[in-house]
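# Observations on the three-dimensional arrangement
Now for the letters of each chain:
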Amino acid sequence: METVKLSAIVMRWYPDMMPFLKQDELNSVIVLRDGLSILEPADAMDIIHYSICEHQNSAYLH
């Protein structure tokens, strides 16, 4: 198991997304069962998407 911040995942596979993510999203702690070294780009995108959705759950819609 490996614990990383979402920013590490974004920087490795999708660095062009950095300006579009909030700091609290980038600071999210992600636990990877098999570690960062074998994470596939599609899995990285799923993790990024899930993290964004999790941060939006606490937002209020007007």
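Everything discussed here concerns the structure shown above.
Presented here is a report on the structure given in the accompanying data block. (Residues numbered from 1 in each chain as written. Predicted model: local features only at pLDDT ≥ 70, side-chain atom pairs only at ≥ 80, totals over all residues. Heavy atoms only, no water.)

## Some points on the side chain of Ser51
We count it as follows: In DSSP terms, a helix is any run of H or I states spanning at least four residues, a strand is any run of E spanning at least two, and both are numbered starting from the N terminus. Exposure is judged per residue with a 1.4 Å probe applied to protein chains only, and the accessible area is read against the type maximum: over 50% gives exposed, under 20% gives buried, and values in between give partly exposed. What makes two residues a contact is simply this: any of their non-hydrogen atoms within 4.5 Å.
With respect to the element layout, Ser51 can be found in helix α3 (residues 41-57). For Ser51, a relative accessible area of 4% puts it in the buried group. Those residues in contact with Ser51 that lie beyond four places of it in its chain are Leu6, Glu25 and Ser28.

## A short note on the environment of Ala44
Tracing the backbone through its elements, the reader meets Ala44 in helix α3. Taking the C-alpha atoms as reference points, Ala44 and Lys5, 39 residues apart in sequence, are found 12 Å from one another. Not counting residues up to four positions away in its chain, the partners in contact with Ala44 are Ile9, Trp13, Tyr14 and Leu39.

## Digging into the side chain of Ser28
Our working definition: Definition of a polar contact: a pair of N or O atoms within 3.5 Å, with one able to donate and the other able to accept a hydrogen when the atoms are protein atoms, and with sequence-neighbouring residues admitted only if both atoms are side-chain atoms.
As for its placement among the helices and strands, Ser28 is situated in the loop between α2 (23-26) and β2 (29-32). Its relative accessible area of 11% is what places Ser28 among the buried residues. A polar contact is formed between the side chain of Ser28 and the backbone oxygen of Glu25, at a distance of 2.9 Å. Here the side chain of Ser28 touches Ser51 through a polar contact of 3.4 Å, side chain to side chain. Each residue touching Ser28, except ones within four places of it in the same chain, is listed here: Val4, Lys5, Leu6, Ser51 and His55.

## Here's the deal with the pattern of salt bridges
Inclusion rule: Take a side-chain nitrogen of Lys or Arg and a carboxyl oxygen of Asp or Glu: if they are within 4 Å of each other, that pair is a salt bridge.
Tallied over the full model, the rule gives one salt bridge. Here Asp34 makes a salt bridge to Arg33, at a shortest N to O gap of 3.5 Å.

## Section: the environment of Ala8
With respect to the helices and strands, the residue Ala8 is situated in helix α1 (residues 6-13). Taking relative accessible area as the criterion, Ala8 reaches 32% and is therefore assigned partly exposed.

## Quick look at the pairing of β2
Heads up, the condition is: Note: two strands are recorded as paired if DSSP finds a minimum of 2 bridges between them.
Burial along β2 is one-sided: Ile30 and Leu32 are buried, and none of Val29 and Val31, which face the opposite way, are. The sheet contact formed by strand β1 (residues 2-5) and β2 spans four bridges and is antiparallel. Along β2, the bridge assignment pairs Val4 with Ile30.

What is shown is where atoms sit, not what they do.
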